[in-house]
Amino acid sequence: MNPSSTRAISTDHTPDWRLQADCRRPGYFGTDHWFPTGTKTRKDREQAADAKAICRECPVALHCATWALRRREEDGIAGGLDADQRRSIRRRVMKEQLSSEQTADVIRAAWAKDAQGPLVDTYLRSTRQGNDGHVWWRGLKSSYTVAGRVFTPRQLAFEVGHGRAPHGQVKSICGEQFCVAYEHLTDGVVHWQREHLATAS
Ligand code: SF4
Ligand SMILES: [Zn+2]
């Protein structure tokens with residue numbers, strides 16, 4: 001859904017959640033950014049990935065995704081999901097008779113998978129395997145923008161390996177300052193867990 005769409009429903013009984021939509025932000029409101037023309041070209045895929053990334057940060061994303069599923073919305077990106085994803089989730093909801101909470105979990109899982117995709121692609125494209133399990137970053141830039149977010153190479157590598165954004169500084173623990181093998185990286189949480197285990201044992 002794009003809340004600027006005239007297809008959106010608003011009644012006296014429905015709080016107008018669309019007013020909180022990130023796609024109403026200046027620069028996006030009234031544009032076709034949530035409606036890539038296809039999936040074949042790189043430009044379309046990047047546009048879809050960018051729209052989904054904005055949706056995932058949107059305060060009403062879950063409401064929007066549920067709304068689009070219920071309405072069988074066939075066009076564009078809505079609630080961080082494209083039309084194929086919505087069809088597939090709808091089929092699963094029907095087949096497994098999922099509750100709203102279970103449906104919300106399925107939606108969140110689809111978001112998480114999407115969020116990882118571009119990161120994994122960038123990680124694989126930008127690194128090369130070294131000896132002794134070390135991995136080297138090929139690029140020279142200190143930060144990279146992927147799906148609308150900015151990462152240092154270490155932050156990106158950490159998130160790919162651990163499935164979550166790092167807390168605090170990401171440090172290399174293998175003694176190689178420029179290594180981005182994710183199993184050689186720690187953040188504040190991993191560091192604390194290691195310290196805690198060491199003290200407990
Ligand atoms: S989830 Fe996406 S499409 Fe839905 S309201 Fe938010 S930004 Fe718009
Ligand atoms: Zn290493």
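This write-up is about the structure you can find in this document. Because the structure is a prediction, the values reported are computed rather than measured. (Residues numbered from 1 in each chain as written. Chains lettered and ligands numbered in written order. Predicted model: local features only at pLDDT ≥ 70, side-chain atom pairs only at ≥ 80, totals over all residues. Heavy atoms only, no water.)

### Notes on the coordination of the zinc ion (ligand 2)
- Those donors, His134 (ND1), Cys174 (SG), Cys179 (SG) and His184 (ND1), are the protein atoms that reach the zinc ion (ligand 2), and they lie 2.1 to 2.3 Å from it.
- Taken together, the four donor atoms surrounding the zinc ion (ligand 2) define angles of 105 to 114° at the centre, an arrangement classified as tetrahedral.
- Considered as a linear motif, the donors of the zinc ion (ligand 2) on their single chain read H-x39-C-x4-C-x4-H. Residue histidine 134 is found in the loop between β1 (127-129) and β2 (135-137), and its partner histidine 184 is found in the loop between β5 (171-172) and β6 (185-186); the two are separated by 50 residues along the sequence. Summarising the burial analysis for this pair, histidine 134 and histidine 184 share the class buried. (Donors = N, O, S within 2.8 Å, 3.2 Å for Na, K, Ca; no water. Tetrahedral: all angles 85-135°; square planar, octahedral: opposite > 155°, others 65-115°. Helix = DSSP H or I, 4+ residues; strand = E, 2+ residues; numbered from the N terminus. Buried < 20%, exposed > 50% of the residue type's maximum accessible area, 1.4 Å probe, protein only.)

### Notes on unusual backbone geometry
- The residue arginine 72 is not glycine, and still its phi comes out positive at about 55°.
- Within the element layout of this structure, arginine 72 appears in the loop between α2 (61-71) and α3 (83-96).
- Not every positive phi belongs to a glycine, and glutamine 97 is a case in point at roughly 50°.
- Tracing the backbone through its elements, the reader meets glutamine 97 in the loop between α3 and α4 (100-126).
- Take glutamine 97: its relative accessible area is 63%, and that puts it in the exposed class.

### A short note on the environment of arginine 42
- With respect to the element layout, arginine 42 can be found in helix α1 (residues 42-57).
- The exposure class assigned to arginine 42 is exposed, which follows from its relative accessible area of 60%.
- Once the C-alpha coordinates of arginine 42 and leucine 62 are considered, the two residues, 20 residues apart in sequence, prove to be 27 Å apart.

### Some remarks on the side chain of histidine 134
- Taking the relative accessible area as the measure of exposure, histidine 134 reaches 10% and is therefore buried.
- Among the polar contacts made by the side chain of histidine 134, one reaches the side chain of histidine 184 at a distance of 3.5 Å.
- Beyond its immediate chain neighbours, meaning those up to four positions away, histidine 134 contacts Gln129, Cys174, Glu176, Cys179, Ala181 and His184. (Polar contact = N/O pair within 3.5 Å; in protein donor to acceptor, adjacent residues only side chain to side chain. Contact = heavy atoms within 4.5 Å.)

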